[in-house]
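Okay, here's what each chain looks like letter by letter:
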There are 2 protein chains.
Amino acid sequence: MELLFLGTGSGVPSKGRNVSAIALQLLEERGTTWLFDCGEATQHQILHTSVRPGRIEKIFITHLHGDHIFGLPGLLGSRSFQGGDTPLTVYGPAGIRAFIETALSVSGTHVKYGLHIVEIAEGTVYEDEQFLVTAKRLEHGMPSYGFRIVEKDLPGTLLVDKLRALGVRPGPVYQKIKQGETVILDDGMVIDGREFVGPAKKGRKLAVLGDTRYCDASIELAEEVDVLVHEATFSANEAHLAHDYYHSTTVQAAEVAKRARVKQLILTHISSRYQGEMCDQLVEEAKTIFPNVAIASDFMSFPVARNEK
Amino acid sequence: MELLFLGTGSGVPSKGRNVSAIALQLLEERGTTWLFDCGEATQHQILHTSVRPGRIEKIFITHLHGDHIFGLPGLLGSRSFQGGDTPLTVYGPAGIRAFIETALSVSGTHVKYGLHIVEIAEGTVYEDEQFLVTAKRLEHGMPSYGFRIVEKDLPGTLLVDKLRALGVRPGPVYQKIKQGETVILDDGMVIDGREFVGPAKKGRKLAVLGDTRYCDASIELAEEVDVLVHEATFSANEAHLAHDYYHSTTVQAAEVAKRARVKQLILTHISSRYQGEMCDQLVEEAKTIFPNVAIASDFMSFPVARNEK
Ligand SMILES: [Zn+2]
Ligand SMILES: [Zn+2]
């Protein structure tokens, strides 16, 4: 599991930062990539990475501002042109369907894979046996969502050696033991599954938030996550501007991280007014509130390690 | 007057060529830039040039395929964000309005300049005292237009020294003489304006064509132009593919140039299957039919000199 930042700027592209997009690489976990937002030229950024468009399984859109969605039609079209044939689902606020469908139909783009569009509300956005993705509304003038991505705990591994030492042979019974059940063997031996399974592997938790003012919903979404990705469009001394434009400052992002007791904060959506050393300063500002801060840059990757418990 | 190629690839962006866009720099002529097509990331390409989005006055769209229009919403939005306040007109086939209006409204993009959208048909697309732009339908499976851009002849300069030698003093009468009128001065002297005006400056002519098969309309649009920009998606030996996908080969483009008696042919819309030396070969193919050929590359600029007659 790895976060790969494809676009870390705000509003308009600059030479240093493209507009918003983040890839969540789940290659080990499920052989796919999830995308969060898809600003213009996201497909161009992808050309310089190992991300394969055909492997993109889900795209979560935080909000409909152009710097978060104008790369969608091109990416969806190119994915088909390049032979992508597995289904793809786009999750986003109401309006995302009209945008995608108009762009594809006007341009005569007929994708050759199953394209599903889900207009989201607060609550569960997606769930399977591996992941739960939930959303909450933030404060951005237009509907903007934050996503909480929870990897479910993996059951511990079966302690095969311990079973073999007792003479229990491999077979269907192993499956029951692995699930922690109590089984009685043919010879009358009673096996309590819980004693033959290693510790569960804790799943990882992430929060990837859309553009927003400082708000309680951010804290709820980020509660105790391993990594929080939060916008920081303005420096600490521009709280007024941040408020007026429905954005956050560095220290507001850090305050969310602190209150939510996250492990790591990554700042993104950086205005092009901050260049070079000024970006180090943004990090320093956040560190006055919360220690584990990094600032994203285009093509930065951030591995999300499993928590050994 | 200068053509600046911003995207010279076909279908999908590659590391070497972006999707279609060409800037016609009219800085001397009218202080503005015209754009032909606007594929995704055209605004990103522009960041690396001297083109100023606020100076873009007109955008002509040849057809609605994604690689020719998906950069429009972002460019239109950024132009406003960066302070562009002069009017801008987009000319394109029916459907361009729905595309632009949906993208801007869904994304909450409110541009602060006059944005006009004109859905075009064959015939005159735009005319003023300086330029005449006409369009014809090509053959591309979906409506695709070629544009003929004719700069009107400039009247010759007034031969002031010759007038002064005759004792004719500057005044309103100079304007009449410049227009070639015959005037009678207070002292009875008769001045035939045509004798006091230098030779007219011939205007330049260009043809910028959308994606197309070889067709007669291309030849008509390109008749005796100074520069013809023609697609060459396929090499000479892929005429079958070109036909099936409604595109042209190098030699078909050259045949148009030859029949239309143009001065210069520029090949663009080059498939990413042709790299490096293979592109030189494309030029050689075209040269077997028509001598003055160049192949466009991203950021190539091509000055269009005035014809001294
Ligand atoms: Zn944004
Ligand atoms: Zn094309």
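Residues numbered from 1 in each chain as written. Chains lettered and ligands numbered in written order. Predicted model: local features only at pLDDT ≥ 70, side-chain atom pairs only at ≥ 80, totals over all residues. Heavy atoms only, no water.

- The name an unreviewed UniProt entry gives chain A is Ribonuclease Z, with Anoxybacteroides voinovskiense as the organism.
- UniProt, in the comment section headed Subunit (unreviewed entry), describes chain A in these words: "Homodimer."
- What UniProt states about chain A under its Function (unreviewed entry) heading is, verbatim, "Zinc phosphodiesterase, which displays some tRNA 3'-processing endonuclease activity. Probably involved in tRNA maturation, by removing a 3'-trailer from precursor tRNA." (UniProt positions renumbered as here; feature names shortened; annotations may be inferred.)

### Focus on the confidence of the model for chain A
Moving on, step 1. On average, residues of chain A score 95 in pLDDT, and 99% of them reach the 70 mark or higher.
Moving on, step 2. In the predicted assembly, ipTM is 0.91 and pTM is 0.92. (pLDDT = per-residue confidence, 0-100.)

### Let's talk about the interface of chain A and chain B
Moving on, step 1. Listed per partner, the contact involves 34 residues of chain A and 34 residues of chain B.
Moving on, step 2. Summed over both partners, the interface of chain A with chain B comes to about 2500 Å²; 69% of that surface belongs to carbon and sulfur atoms.
Moving on, step 3. Its largest share of buried area at the contact with chain B, chain A owes to Glu40(A), Phe70(A) and Val106(A), together 24% of the area lost on that side.
Moving on, step 4. On inspection of chain A and its partner chain B, the count reaches 0 salt bridges.
Moving on, step 5. Counting the contacts that link chain A with chain B gives 6 residue pairs in polar contact (both at pLDDT 80 or more).
Moving on, step 6. Those elements giving two or more residues to the side of chain A that touches chain B turn out to be helix H2 (42–46), helix H3 (66–69), helix H4 (72–81) and helix H5 (96–106) of chain A.
Moving on, step 7. Here the side of chain A that touches chain B is built from residues that sort into 15 nonpolar, 17 polar and 2 charged. (Contact = heavy atoms within 4.5 Å. Buried area = accessible area lost by both parts, 1.4 Å probe. Salt bridge = Lys/Arg side-chain N within 4 Å of Asp/Glu carboxyl O. Polar contact = N/O pair within 3.5 Å; in protein donor to acceptor, adjacent residues only side chain to side chain. Helix = DSSP H or I, 4+ residues; strand = E, 2+ residues; numbered from the N terminus. Nonpolar A, V, L, I, M, F, W, Y, C, P; charged D, E, K, R; others polar.)

### A closer look at the UniProt feature "binding site: Zn(2+) 2" (unreviewed entry) in chain A
All names here are of chain A.
Moving on, step 1. In the UniProt entry, the feature "binding site: Zn(2+) 2" (unreviewed entry) is given for Asp 67, His 68, Asp 211 and His 269. Maximum C-alpha separation among the annotated residues is 10.8 Å over a sequence range of 203 residues, consistent with a single clustered spot.
Moving on, step 2. Inspection of the secondary structure assignment puts Asp 67 in helix H3.
Moving on, step 3. Relative to the helices and strands, Asp 211 resides in the loop between strand E12 (205–209) and helix H8 (216–222).
Moving on, step 4. Accessibility expressed as a relative area gives 3% for Asp 211, which makes it buried.
Moving on, step 5. Excluding its chain neighbours within four sequence positions, the residues that come into contact with Asp 211 are His 63, His 68, Leu 138, Glu 139, His 140, Ser 144, Glu 231, Tyr 246, His 247 and His 269.
Moving on, step 6. Within the structure, Asp 211 has its side chain in polar contact with the side chain of His 68 (distance 3.2 Å). (Buried < 20%, exposed > 50% of the residue type's maximum accessible area, 1.4 Å probe, protein only.)

### A word on unusual backbone geometry
A negative phi angle characterises most non-glycine residues, just as the trans form characterises most peptide bonds.
Residues and elements named next belong to chain A.
Moving on, step 1. Despite not being glycine, Arg 261 shows a phi value in the positive range, around 55°.
Moving on, step 2. Here Arg 261 shows up in the loop between helix H10 (250–259) and strand E14 (264–268).
Moving on, step 3. What makes Arg 261 partly exposed here is its relative accessible area of 47%.
Moving on, step 4. Of note, the phi angle at His 269 is positive, near 60°, even though the residue is not glycine.
Moving on, step 5. Topologically, His 269 is positioned in the loop between E14 and helix H11 (277–287).
Moving on, step 6. For His 269, a relative accessible area of 3% corresponds to the buried category.

### Details of the relation of the copies chain A and chain B
Moving on, step 1. Between the two copies, chain A and chain B, the superposition gives an RMSD of 0.1 Å; the rotation angle is 180° and the shift along the axis is 0.0 Å. Here the transformation between the copies is reduced to the relation of a two-fold axis. The C-alpha atom lying nearest the rotation axis in chain A is that of Ala41(A); the distance is 2.7 Å.
Moving on, step 2. A symmetric contact is evident, with 100% of the interface residues of chain A recurring at the interface of chain B. (Least-squares fit on C-alpha atoms with pLDDT ≥ 70 in both.)

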